[in-house]
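Understanding the architecture of this molecule
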Amino acid sequence: MDWYTRPIETIYEELDTSASGLAASTADERREEVGPNELTGDRGRGPLAIFVAQFSSALIWVLLLAAALSFAIGHVVDAVLIGIILLLNGVFGFVQEYRAEQSLEALREMATPEVTVRRDGEEREIESTALVPGDVVVLGQGDVVPADARLVEADSLEVDEAALTGESVPVEKDAGAADPETPLAERANMVYKGTNVTRGRAVAVVVETGMDTEVGEIATALIGADDPLTPLQRDLDRLGRRLGIGVVALSVLVVGLLLVDGRGLVQAGLTAVSLAVAAVPEGLPAVVTLTLALGVRSMAEENALVRTLPAVEALGAVDVVCTDKTGTLTEGEMRVQRVWVHDRAAPVDEAGDDDRLDRLFEIGAVCNDATADEGDPTERALVTAAADRGFDVETCREDRPRRDEVPFSSERKRMATIHDDVVYVKGAPTVLLDRSTRVLGPDGPIDLDAETRSRIESRVDEFAGDALRVLGFAYKDRGDEGGPEENLVFVGLQGLLDPPRPEVRDAIADTHRAGIGVKMITGDNAVTAGAIAREVGIESDVLTGRDVEAMDDETLRERVAEIDVFARAEPTHKVRILEALQANGAAVAMTGDGVNDAPALKNADVGIAMGVRGTNVAKQASDIVLLDDNYASIRAAIRRGRTIFDNIWKFVAYLLSANVAEVAIVFVASLFGYLILPAVQLLWINLLTDGLPALALGTDPGGDVMDRHPRDRAAGIIDREMLGFVGGAGLTTTVLLLGLMFYLLDGAPSVTPYVMTMVFTGLVVFEFVKLYVVRWTRRTPALTNPWLAAAVVASLTLQLAVLYTPLNGYFGTVPLGVSDWALLGLVLVLGTPALVLVGWLVKHHGTDGHAGGATTRPDDAPEVHTD
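Note that this is a predicted model, so its numbers are computed, not measured. (Residues numbered from 1 in each chain as written. Predicted model: local features only at pLDDT ≥ 70, side-chain atom pairs only at ≥ 80, totals over all residues. Heavy atoms only, no water.)

Focus: the overall build of the protein chain
Of regular secondary structure, the protein chain possesses 32 helices and 24 strands. For the protein chain, the proportion of its 867 residues judged to be buried stands at 56%. A separation of at least 24 residues holds for 74% of the contacts in the protein chain among residues at least 6 apart in sequence. Total accessible area on the protein chain is roughly 34,100 Å²; 55% of this is exposed by carbon and sulfur atoms. (Helix = DSSP H or I, 4+ residues; strand = E, 2+ residues; numbered from the N terminus. Buried < 20%, exposed > 50% of the residue type's maximum accessible area, 1.4 Å probe, protein only. Contact = heavy atoms within 4.5 Å. Areas by Shrake-Rupley, 256 points an atom, 1.4 Å probe, with all protein chains shown as cover.)

A few points about the packing of helix 18 (residues 504–513) against helix 25 (residues 631–671)
Packed helices, taken two at a time, are described by their axes: the angle between them and the distance between them. Look at helix 18 against helix 25: their axes get within 8 Å of each other, and the N-to-C directions meet at 30°. In this view, helix 18 runs roughly parallel relative to helix 25, as classed from their interaxial angle. Along this stretch, helix 18 crosses helix 25, giving a crossing that reads as left-handed. Counted together, V504, D506, A507, I508, D510 and T511 of helix 18 and Y631, A632, R635 and I638 of helix 25 form the full contact between these two elements. (Axes fitted to C-alpha atoms, helices over the stretch in contact; angles between N-to-C directions. Parallel < 35°, antiparallel > 145°, perpendicular 65-115°, else oblique. Left-handed = near helix turned anticlockwise from the far one by under 90°.)

Remarks on a nonpolar patch on the surface
Together, L253, L257, L671, F672 and F742 make up an exposed nonpolar region whose accessible area comes to about 460 Å². Inspection of the secondary structure assignment puts L253 in helix 9 (residues 231–260). (Patch = residues over 30% accessible without salt bridge, like charges linked within 9 Å, V, L, I, M, F, W, Y side chains within 5 Å. Salt bridge = Lys/Arg side-chain N within 4 Å of Asp/Glu carboxyl O.)

Some details on a negative patch on the surface
A cluster of acidic side chains, namely E114, E125, E127 and D143, defines a negative patch on the protein surface. You can see E114 is positioned in strand 1 (residues 114–119). Owing to a relative accessible area of 46%, E114 belongs among the partly exposed residues under this scheme. (Lys, Arg positive; Asp, Glu negative; His and termini not counted. Charge placed at Lys NZ, Arg CZ, Asp CG, Glu CD.)

What to know about the packing of aromatic side chains
Two numbers describe a pair of aromatic rings. These are the distance of the centres and the angle of the planes. A full pass over the atoms with the stated rule returns three aromatic pairs. Centre to centre, the rings of F672 and F742 are 5.2 Å apart; their planes meet at 75°, and the pair counts as edge-to-face. In this pair, F672 is assigned in the loop between helix 25 and helix 26 (679–690) and F742 in helix 28 (residues 720–745), connecting sequence segments 70 residues apart. Measuring from centroid to centroid gives 6.5 Å for Y674 and F742, while their planes differ by 65°, and the two rings are edge-to-face. Of the two residues, Y674 sits in the loop between helix 25 and helix 26 while F742 sits in helix 28, which places them 68 residues apart along the sequence. For F742, a relative accessible area of 32% corresponds to the partly exposed category. Taken together, the ring pairs connect F672, Y674 and F742 into an aromatic cluster. Above the plane of the ring of W3 lies R6, whose end atom (NZ or CZ) is 4.6 Å from the centre. (Phe/Tyr/Trp six-rings, centres within 6.5 Å; stacked < 30°, edge-to-face > 60°. Lys NZ or Arg CZ within 6 Å of the ring centre and 35° of its normal.)

Quick notes on unusual backbone geometry
Positive phi is not limited to glycine here, since K413 has a value of about 60°. Note on placement: K413 falls in the loop between strand 12 (404–406) and strand 13 (414–418). Although it is not a glycine, R568 sits at a positive phi angle of roughly 50°. Take R568: its relative accessible area is 14%, and that puts it in the buried class.

A closer look at the pattern of salt bridges
One pass over the structure, following the stated rule, counts 41 salt bridges. Note that R402 and E405 form a salt bridge whose closest N and O atoms lie 3.1 Å from each other. Judged by its relative accessible area of 30%, R402 is partly exposed. A residue is classified by how much of its surface remains accessible, and E405, at 31% relative accessible area, is partly exposed. Among the salt bridges present, the one from E767 reaches K770, with a minimum N-O distance of 3.0 Å. Taken together, the residues E767 and K770, both in helix 29 (residues 753–777) and three residues apart, mark about one turn of the helix. Like E767, the residue K770 is buried in the burial classification. What you see here is one network of salt bridges that share partners, running through E158, R199, E379 and K426.

Brief notes about helix 19 (residues 526–536)
Here helix 19 has its buried residues at T528, A529, G530, A531, I532, A533 and V536. Buried residues along helix 19 sit in contact with strand 18 (488–497), helix 18, strand 19 (517–521), strand 20 (542–544) and strand 21 (565–567). Where helix 19 begins, one side-chain oxygen reaches toward the backbone nitrogen of V527, 3.1 Å away; that side chain belongs to N525. Backbone geometry just after helix 19 places G537 at a positive phi near 95°. (Polar contact = N/O pair within 3.5 Å; in protein donor to acceptor, adjacent residues only side chain to side chain.)

Notes on the environment of I577
Of note, I577 is situated in helix 22 (residues 571–583). In this structure the C-alpha to C-alpha distance between I577 and A600, which are 23 residues apart in sequence, comes to 9.0 Å. Those residues in contact with I577 that lie beyond four places of it in its chain are I521, V548, L556, V560 and F566.

Considerations on the confidence of the model for the protein chain
The share of residues in the protein chain with pLDDT of 70 or more is 85%, and the mean pLDDT across the chain is 82. Taken element by element, the predicted model of the protein chain shows its lowest mean pLDDT in helix 6 (residues 103–109) (43) and its highest in strand 14 (residues 422–427) (96). Low pLDDT, under 50, characterises residues 847–867; the predicted model gives this stretch 51 contacts beyond four residues in sequence or across chains. (pLDDT = per-residue confidence, 0-100.)

Digging into the sheet that holds strand 20
The sheet built from eight strands is open, its strands ordered 8-24-23-22-9-19-21-20 with mixed pairing. Edge positions in the open sheet fall to strand 8 (304–306) and strand 20, since each of these has one partner strand only. Adjacent strand axes in the sheet meet at a mean angle of 20°, parallel and antiparallel pairs treated alike. The strands that helix 19 touches are strand 19, strand 20 and strand 21; relative to strand 21, the one it contacts most, it runs at about 155°. (Pairing = 2+ DSSP bridges.)

Side note on the pairing of strand 4 (residues 148–160)
In this sheet, strand 7 (residues 196–208) lies alongside strand 4 in antiparallel orientation, the contact comprising 10 bridges. Within the sheet, the bridge partner assigned to D155 lies in strand 7 and is R201. Direction of pairing for strand 4 relative to strand 6 (residues 190–191): antiparallel, over a ladder of two bridges. When the sheet's bridge partners are listed, R150 is paired in strand 6 with M190. Bridge count for strand 4 against strand 5 (residues 171–172) is two bridges, and the pairing is antiparallel. Bridge pairing in strand 5 links E158 to E172.

Some words on the packing of helix 25 against helix 28
At a closest axis distance of 8 Å, the pairing of helix 25 and helix 28 adopts a crossing angle of 40°. Between helix 25 and helix 28, the crossing angle belongs to the class labelled oblique. Crossing handedness for the pair helix 25 and helix 28: right-handed. On the side of helix 25, the interface is formed by W649, V652, A653, L656, S657, V660, A661, A664, I665, V668 and A669, while helix 28 contributes E721, M722, F725, V726, A729, G730, T733, T734, L737, L738 and M741.

Things to note about the side chain of D820
Mapped onto the secondary structure, D820 falls in helix 32 (residues 818–844). Comment: no salt bridge for buried D820; closest opposite-charge side chain is K770, at 22 Å. Every residue in contact with D820, bar those within four places of it in the chain, is listed here: Y754 and M758.

Section: helix 14 (residues 377–389)
End to end, helix 14 covers 18 Å across 13 residues, agreeing with the expected 18 Å (1.5 Å per residue, within 8%). With 10 of 13 residues buried, helix 14 lies mostly within the body of the structure. Where helix 14 is concerned, the buried positions are P377, T378, E379, R380, A381, L382, V383, T384, A385 and A386. The N-capping residue of helix 14, defined by a side-chain oxygen 3.0 Å from the backbone nitrogen of T378, is D376. Within two residues after helix 14, G390 carries a phi angle of roughly 115°, on the positive side. (Expected span 1.5 Å × (residues − 1).)

Notes on the environment of L796
By the element assignment, L796 lies in helix 30 (residues 786–804). Once the C-alpha coordinates of L796 and V764 are considered, the two residues, 32 residues apart in sequence, prove to be 8.3 Å apart.

Some details on the pairing of strand 17 (residues 469–477)
For strand 17, the tally of buried residues reaches seven of nine residues, placing the bulk of the element in the interior. When strand 14 meets strand 17, the two strands line up antiparallel, connected through six bridges. Bridge assignment links G427 to a residue of strand 17, and that residue is G472. Two strands pair when backbone bridges link them, and strand 17 and strand 18 are joined in this way by seven bridges, in the antiparallel orientation. Looking at strand 18, one finds that A474 is bridged to F490.

Structural data, given as structure tokens:
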């Protein structure tokens, strides 16, 4: 509501209260009516729900169907093996995702345990949850604001609202009226639940509590936000549905054909189960989960903590990163950037030797109530600047003991400290200039004439135009005439800024080069936002939250495609901007650290919270938490995400090509009356190929992934290039092994264990050749993955075990001799060039680097220029 526009008397009347507060009995009645001052909502998923969710995809249901069919016809071993694979997949996913959604719990923790309130005309301490609209509260430095409240009195009050509005410095507050068009970040007569009082004291009347507060609105947005499916989740779900339909259709067709041919129900059933097992890549869900888990571990080593497994791959698919400014692109801490003394300006680290600069830094350190670690952020920055200059701040203060002071207030806009022989003053430059008669020149004080004042004011405007917060510094000798703040000697200026992180510019340049747009969305004012954006390499006009409000959805969709900097953005603005980008087809990652970022983090395709400065709310609403708050870690995480997608593409192509070959061989052989590969052998092949080798593909290093533009999510993981590889490799394998089968059968009426063993082993060996071909198609160097070589050796050893140990009795195989291996070698020699040709066609006819591995930046990717 528009409480900030109403006079105090009107608010008292509407809330039936007064400056003395409510009667305790009235407050109790009102609490029964409006409820406690706390945030309520969904408690999130429990452990059982998380575990059950691991089995909700269509692919998992297809596998469950295959297990049921196997069990129904007596193939208990097959059914058990499929069940074990599914269980392992569920356990891995559960372990990674076992976190209840605690966004609202974190919001609750922001409330102060107790608050000073006026009840029955007396001040008393009560639980903050007991506050109701109409209560009058007393706030002091260090307090957390317990509810949304309209200020009645404010004495030098400053409130840190960064977590709610994104404002990088504490906001000065007063009890005056405000215009109805005033945005949230500029409502000086309001304080909001969850923000922190950094200076002064205040009396305020509570106007909103619980879910009706600004933070409560954010909580409501979080309750209604669904986690969007990642591209990989959608692709695998689509694959599962298609496989299910295909398996059922193919099984019905084969059973019908065999029954018509008089083969009997048992053989028809066995063939149908073999086809089902051949068609379904049993290990795919587990391999995807394990690969994502390995990515989680790798990203943790790069300071990115992943909360949900699919977010690893989803991050590699984003084409827009929406980032907060304060604490994300910037250090999150005010620092002195530039200084000025009479006719001389310089960056603070290039100031050089000058007695006037020493005086400037000394005033900043002594006329100051903060330390380097505690106090107002601006005053802490002045202390740090003096220490960097070489001052021992504590010694300076001891050498000039404070005898009196005139404290800072928002009305006076200055502070003075009185010492034995001198008065030091700091504050707004124009205010100090009004009280100065001289300015400190190179050889001592000189008269402050109109021309000199004009030059100083021009310098102030220049600093402010660069988004610096400008403070003036002055002094006077105690013996000079006039009051302590009259006849001052103006010393100079210090310009402060929350500076960009030094590595951010290069990180943004790299993300631009990878075809990813970067948009800054901040609660800071437009001047500061624009200046920081230019510093980090984002060149754009600036839109404000008010501009966003004035646009309809269609106009906003058009503008977000052009504008990269948004200032004075409130939570609802951030969500609208994200929705507009997503409506344009963008996959959006949102970074942030404040409460105000939580709805956008929740609604983004990938939410990335800051781990050090981030609020609990932001962390719990996110998919990924940056442990070092370093934007550059996003670059590493995107690289890792793209590498993981490449690896998933490789083993999906590899697994599906194996399944296509298995289905084709079983299907064609069945038409000729042969059951060439029983279900147990097909399941064993899938275990070997879906197991260690496929998992080892997940550890492949990244190649040129950051030189490509984002992949086409609409194409899905099973794109044209994958279909080409799967079809080509599957056909090659099918033709060669069916040729081998017919050659060995030589017209025999039924398949012998020997022929079955030769085709069975030939199919396994062919899969290991395909491993290296599929890596080559994605420009992965051949000798960069020792785990893959070890996996191939281990899998071949297991295959030899089912040929030459008593296990062959369970698999229906027989030992092979030297001549048999020579024949398989000949088939391999004939087939390998064909597989390489398939890989070459995929590699060199990919679309814009999506699957073909192109290394050029797309024409529409932004040009990046770095100094």
